[in-house]
Amino acid sequence: PCEIVAVRKDGSQFPAEVQGRSSQFRGENIQIAAFRDISLRTKMRDKLLKSEALFKEAQKIAQLGHWEWDLVAGDLYWSEEVYRILGLEPGNEKLSMDFFAEKIHPEDREQVMMAFNSSIRHQTRYDIEFRILLPDHSVKIVQEVFTTDYDDTGKPLRSFGIIFDITERKAAEAKVVKSQEELERLVESRTHDLINSRKAAINLMQDANEQRLRAEKALRQLKESHAEILKLSQAVEQSNAAVAITN
């Protein structure tokens, strides 16, 4: 069968599927053709293609890819965004879990694969963050989440997962943490300065108080000395007066 654009009697066009075959009729070779209006199927196909395109674009914007692994047949599928996240061209690599493991940062690889295998074996949730090493030796941070389907006996059949590029988010989080640490250091420094200033103010007040006490003591001593001098002066005057009378 092939698809063509057919024309109705009113001149309007529509997509059609044509199937033909050769046959015999009254001893002569003839061609039989059947036309089928596939307008509805074409519309559905176009909508599906548009949805797939939008889905791919959404994954690209969100930096999110998905993958499927047939655990029975061993077939592995990656969406285009998984390739991009890993710094690869879509469809240029033969996919396998060993190939994916090679892309994990060497310091994270053992932990990630242990968690991956444990999740399938024990039917537990898998949600982990790790680093990947790109072909240009740069590093990204990703988050991977997946689930696995099992048969009635508990045999794993199929895993479906998503992988996020969270490099920018982690960088932003690191900046926030750094800012918080700097703010805490600044507050601590200001608090220390305030404590020192308070201590200095207290010391100045104590010094001023001591100086006031010393001044008050000196004034009392001065008054006492003045009184003594006054008494001595009066005594001298009285003595001089007595001598004058005697003479």
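Presented here is an overview of the structure given in this document. Fair warning: this is a prediction, and the values are worked out from it, not measured in the lab. (Residues numbered from 1 in each chain as written. Predicted model: local features only at pLDDT ≥ 70, side-chain atom pairs only at ≥ 80, totals over all residues. Heavy atoms only, no water.)

This next bit is on the pattern of salt bridges. Counted according to the given criterion, the structure contains twelve salt bridges. For Glu80, the salt bridge is made with Arg84, and the minimal N-O distance between the two is 3.3 Å. You can see Glu80 and its partner Arg84 sitting in helix H2 (residues 80-85), four residues apart, about one turn around the helix. Look at Arg84 and you get partly exposed, because its relative accessible area is 34%. A salt bridge links Lys170 to Glu173; the shortest N-O distance between them is 3.6 Å. (Salt bridge = Lys/Arg side-chain N within 4 Å of Asp/Glu carboxyl O. Helix = DSSP H or I, 4+ residues; strand = E, 2+ residues; numbered from the N terminus. Buried < 20%, exposed > 50% of the residue type's maximum accessible area, 1.4 Å probe, protein only.)

An order of E5-E4-E8-E7-E6 is seen for the five strands of this open sheet, with the pairing classed as antiparallel. Two strands in the sheet have a free side with no partner beyond their single neighbour: strand E5 (76-78) and strand E6 (126-133). Along the sheet, successive strands turn relative to each other by an average axial angle of 25°, direction set aside. For strand E4 (residues 64-70) and strand E8 (residues 156-165), the ladder comprises seven bridges, and the chain directions are antiparallel. From the neighbouring strand, Trp67 faces E8, where its bridge partner is Gly161. Running over the sheet, helix H4 (residues 106-122) touches E4, E6, strand E7 (139-150) and E8 and is turned about 150° from E6. (Pairing = 2+ DSSP bridges. Axes fitted to C-alpha atoms, helices over the stretch in contact; angles between N-to-C directions. Contact = heavy atoms within 4.5 Å.)

The backbone phi angle of Gln123 is positive, close to 55°, even though this residue is not glycine. Turning to its location among the elements, Gln123 is positioned in the loop between H4 and E6. The phi torsion at His137 lies on the positive side, around 75°, for a residue other than glycine. Among the secondary structure elements, His137 is positioned in the loop between E6 and E7.

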